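Listed below are the residues making up each chain.
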Amino acid sequence: MKDFRGKVAVITGAASGLGREFANTAASLGMKLVLADVQPRALEHATEELMAGGAEVLSMVCDVSKASHVQELADAAIARFHHVHLVFNNAGVGCGGLVWENSEQDWDWVLGVNLMGVVHGVRVFTRVMLECARRDPGFEGHIVNTASMAGLLTPPAMGVYNVSKHAVVALTETLYHDLKLVEAPVKSSVLCPYFVPTGIAHSHRNRPDDLASDERVTASQAAAQLLTEKAVGSGKLSAADVARIAFEGIREERFYIYSHPQVLGSVEERFAAIVQGQPPADPYAATPQISAMLRAGVKERR
């Protein structure tokens, strides 16, 4: 997809962070916007600003972990704009800690948003796009699923998040093969950002009450939270930079879209260890200060 003007973009997690910048970039390219988020006030603010700038916007409060919400989003998009050309399955949350210390509620919450939210987006919007293609012989579609470098690496004290993002990578790779199998006019990409200054470190602010954990915060969870806040906050690339990179990837039909390609050395080491039957490679080998900070935090609080 090279021409975006007049086409329709659906963006989840659109009220802040990467999603908001996807919306800003899409609007600057003349796209019509369908925005979804669980934060009503932030979503309303984003909608008002984008509309004030001249964008056509439909926004809905949407919990992507619920299939019915995603279906309602798709129905509303078609009712308003009649087509969907570009989908960013982007909503995401995170929590850390030693993998055996995460509660059942931690797993339900993170997998519900990060994995099932993308599953619902793929299941619902791929069908919508294929129907659009049946009605329009010149149709072009593209689905971008936001994973993470944590979908290609396995950093310590990030187990729940790692699992969710590895699953998104696998889902998107399979989507690529399935779309190719049926010769669909729909492309797919998986976006793998590294540390970018967004609100992901504070995503617990949107955690539903029924998925709140009643277990005490452990030393590893506190250390992982502190590390995430520092690492995310010190990121050199902005969310706007990542949005620019993502749209460049869409134009060039790149499947893997990286914000920090310099981290791919660690990915290469991981896969070399797999091929050679070795223990998992250290994902922080190039940045030992991160491991040191995490280890010190865990020991200090025990």
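Residues numbered from 1 in each chain as written. Predicted model: local features only at pLDDT ≥ 70, side-chain atom pairs only at ≥ 80, totals over all residues. Heavy atoms only, no water.

**Student:** Which residues make up the pairing of strand β4 (residues 86-89), and what are the values?
**Tutor:** Of the two faces of β4, the one holding Leu-86 and Phe-88 and the one holding Val-87 and Asn-89 are both buried throughout. With three bridges connecting them, strand β1 (residues 8-12) and β4 associate as parallel partners. For Ala-9, the partnering residue across the bridge sits in β4 and is Leu-86. Judged from the four bridges that link them, β4 and strand β5 (residues 141-146) form a sheet pairing that is parallel. Among the inter-strand pairings, Asn-89 is bridged to a residue of β5, identified as Asn-145. Considered for its hand, the β-α-β crossover made up of β4, helix α4 (residues 104-135) and β5 is right-handed. (Buried < 20%, exposed > 50% of the residue type's maximum accessible area, 1.4 Å probe, protein only. Helix = DSSP H or I, 4+ residues; strand = E, 2+ residues; numbered from the N terminus. Pairing = 2+ DSSP bridges. Right-handed = clockwise from strand over helix to strand, strands pointing away.)

**Student:** Explain the packing of aromatic side chains residue by residue, including any values.
**Tutor:** What describes a pair of aromatic rings is the distance from one ring centre to the other and the angle between the planes of the rings. One pass over the structure, following the stated rule, counts seven aromatic pairs. Aromatic side chains Phe-4 and Phe-247 sit 5.3 Å apart centroid to centroid with 65° between the ring planes, which places their arrangement in the edge-to-face category. One end of the pair, Phe-4, is in the segment before β1; the other, Phe-247, is in helix α7 (residues 239-251), with 243 residues separating them in the sequence. Judged on exposure class, the residue Phe-4 and its partner Phe-247 are both buried. Note on Phe-22 and Phe-88: the rings are 4.2 Å apart at their centroids and 15° apart in plane angle, and the pair reads as stacked. Placement of Phe-22 in helix α1 (residues 17-28) and of Phe-88 in strand β4 is noted, with a sequence separation of 66 residues between them. Of the two residues, Phe-22 and Phe-88, both sit in the buried class. Taken together, Phe-4, Phe-22, Phe-88 and Phe-247 form an aromatic cluster joined through their ring pairs. Over the face of the ring belonging to Phe-271 we find Arg-270, whose NZ or CZ atom lies 5.2 Å from the ring centre. (Phe/Tyr/Trp six-rings, centres within 6.5 Å; stacked < 30°, edge-to-face > 60°. Lys NZ or Arg CZ within 6 Å of the ring centre and 35° of its normal.)

**Student:** Hey, could you go over unusual backbone geometry for me, with residue numbers and the actual values?
**Tutor:** Here the phi dihedral of His-82 falls at roughly 75°; this positive angle occurs in a residue that is not glycine. Along the chain, His-82 turns up in the loop between α3 (67-81) and β4. The exposure class assigned to His-82 is partly exposed, which follows from its relative accessible area of 48%. Look at Glu-253: it is not a glycine, yet its phi comes out positive at around 55°. Within the secondary structure, Glu-253 is located in the loop between α7 and β7 (256-258). Judged by its relative accessible area of 42%, Glu-253 is partly exposed.

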